[in-house]
Amino acid sequence: MNTNRPPGFWVLMIVGILLLAMLLLGQTMSFIDYDFTVAMGLQEPEEEITEIGVAMNKGFGVGDTLIYLPLLVLGLVGLWRNKIWGVFAMSGALAITAYWPMVCLSMLVFARGAPGFHFARYIPYSILLGAISIYGIWGLWYMYRFWRIDMPH
């Protein structure tokens, strides 16, 4: 295992761990106890996004918990251990990381003006979700460009 880790490795790991915590609190908890995630500011209340918006958030929570979270955990562990399976898992997680913020932001924009939809925090959400997507795209590029696995011959 390589102990000399470049700065890009630490960016992948630290942001990945922060995303993992955010997913557990905001996504996994959203379908277990949606009101808890609203109280923490990690989801929007029904009055703001409608019952359909809540259903969408809960659906994303299920998908994130069953697919995204395990890929991210396997990716972080595998990269730490410099394993090829970690590269594949992290690549899957990073692709999801680039994808989901654009879907969510687009849904918010397309829902603007819909009856009962009162979301108004477009600028902070655009910044946050844009940054998350950039991390996902950058992470994929970084792993393609710089990751090396010592494979047995």
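Please refer to the structure placed before this passage.
Here the structure is a predicted model, which is why all the values come from computation and not from measurement. (Residues numbered from 1 in each chain as written. Predicted model: local features only at pLDDT ≥ 70, side-chain atom pairs only at ≥ 80, totals over all residues. Heavy atoms only, no water.)

Attention now moves to the overall build of the protein. Tallying secondary structure elements over the protein gives 5 helices and 0 strands in all. When the elements of the protein are put in sequence order from the N terminus, they spell out α-α-α-α-α. Judged by the C-alpha coordinates and their principal axes, the protein covers about 60 × 30 × 20 Å. The 153 residues of the protein split such that 41% are buried. At a minimum sequence separation of 6, the contacts of the protein that also span at least 24 residues come to 71%. Approximately 9000 Å² of the protein is accessible, and the part contributed by carbon and sulfur atoms is 71%. Of the charged side chains in the protein, 8 are positive and 9 negative; the average position of the first set lies 21 Å away from that of the second. (Helix = DSSP H or I, 4+ residues; strand = E, 2+ residues; numbered from the N terminus. Buried < 20%, exposed > 50% of the residue type's maximum accessible area, 1.4 Å probe, protein only. Contact = heavy atoms within 4.5 Å. Areas by Shrake-Rupley, 256 points an atom, 1.4 Å probe, with all protein chains shown as cover. Lys, Arg positive; Asp, Glu negative; His and termini not counted. Charge placed at Lys NZ, Arg CZ, Asp CG, Glu CD.)

The next thing to look at is the packing of aromatic side chains. Overall, the coordinates contain 10 aromatic pairs when judged by the stated rule. On the numbers, 4.8 Å between centres and 75° between planes, the contact of Phe119 with Tyr125 is edge-to-face. With respect to class, Phe119 is no different from Tyr125; both count as buried. When the ring of Trp141 is compared with that of Phe146, the centres are 5.6 Å apart and the planes differ by 85°; the resulting orientation is edge-to-face. Residue classification places Phe146 among the partly exposed residues on the basis of a relative accessible area of 40%. Ring pairing ties together the aromatic residues Phe9, Trp10, Trp80 and Trp147, which thus form one cluster. The residue whose ring lies beneath Arg5 is Trp80, and the NZ or CZ to ring-centre distance is 4.2 Å. We note Arg112 situated over the ring of Tyr122; from NZ or CZ to the ring centre the distance is 3.9 Å. (Phe/Tyr/Trp six-rings, centres within 6.5 Å; stacked < 30°, edge-to-face > 60°. Lys NZ or Arg CZ within 6 Å of the ring centre and 35° of its normal.)

Before going further, it helps to spend a moment on the nonpolar core. Judged by nonpolar contacts, the single largest core of 32 residues is most densely connected at Leu12, Leu72, Leu79, Met90, Met143 and Trp147. Contributing elements (two or more residues each) for this core: helix H1 (7-32), helix H3 (46-80), helix H4 (84-111) and helix H5 (122-146). Looking at this core element by element, the count peaks at 8 residues for H4. Beyond its immediate stretch of four places on either side in the chain, Met143 contacts Leu12, Leu79, Val87, Met90, Ser91 and Leu94. (Core = buried A, V, L, I, M, F, W, Y, C linked by side-chain atoms within 4.5 Å.)

Next up on the list: the pattern of salt bridges. Inspection of every chain in the model, using the stated rule, returns 1 salt bridge. Between Arg121 and Glu48 there is a salt bridge, and its shortest N-O distance comes to 2.8 Å. Here Arg121 is found in the loop between H4 and H5, whereas its partner Glu48 is found in helix H3, with 73 residues between them in sequence. (Salt bridge = Lys/Arg side-chain N within 4 Å of Asp/Glu carboxyl O.)

Moving on to the side chain of Thr28. The topology assignment puts Thr28 in helix H1. Within the local environment of Thr28, its side chain forms a polar contact with the side chain of Thr65, the two groups lying 2.8 Å apart. The residues touching Thr28, leaving out its near neighbours within four places in the chain, are Leu23, Thr65 and Leu69. (Polar contact = N/O pair within 3.5 Å; in protein donor to acceptor, adjacent residues only side chain to side chain.)

Our focus in this paragraph is H3. Helix length check: H3 (35 residues) gives 40 Å between terminal C-alpha atoms against 51 Å at 1.5 Å per residue, more than 12% under. The positive-phi residue at the C-terminal boundary of H3 is Asn82, with phi of around 60°. (Expected span 1.5 Å × (residues − 1).)

In contact at an axis separation of 9 Å, H1 and H3 are set at 150° when each is read in the N-to-C sense. In terms of orientation, H1 lies roughly antiparallel with respect to H3. As H1 packs across H3, the resulting crossing turns out to be left-handed. Partitioning the contact of H1 with H3 into residue classes produces 19 nonpolar, 7 polar and 2 charged. (Axes fitted to C-alpha atoms, helices over the stretch in contact; angles between N-to-C directions. Parallel < 35°, antiparallel > 145°, perpendicular 65-115°, else oblique. Left-handed = near helix turned anticlockwise from the far one by under 90°. Nonpolar A, V, L, I, M, F, W, Y, C, P; charged D, E, K, R; others polar.)

The end-to-end C-alpha distance of H4, which contains 28 residues, comes to 41 Å, matching closely the 40 Å that a straight helix rising 1.5 Å per residue would cover. Just past H4, the residue Gly113 takes up positive phi, approximately 90°.

Scope: geometric values only; no functional claims are made or implied.
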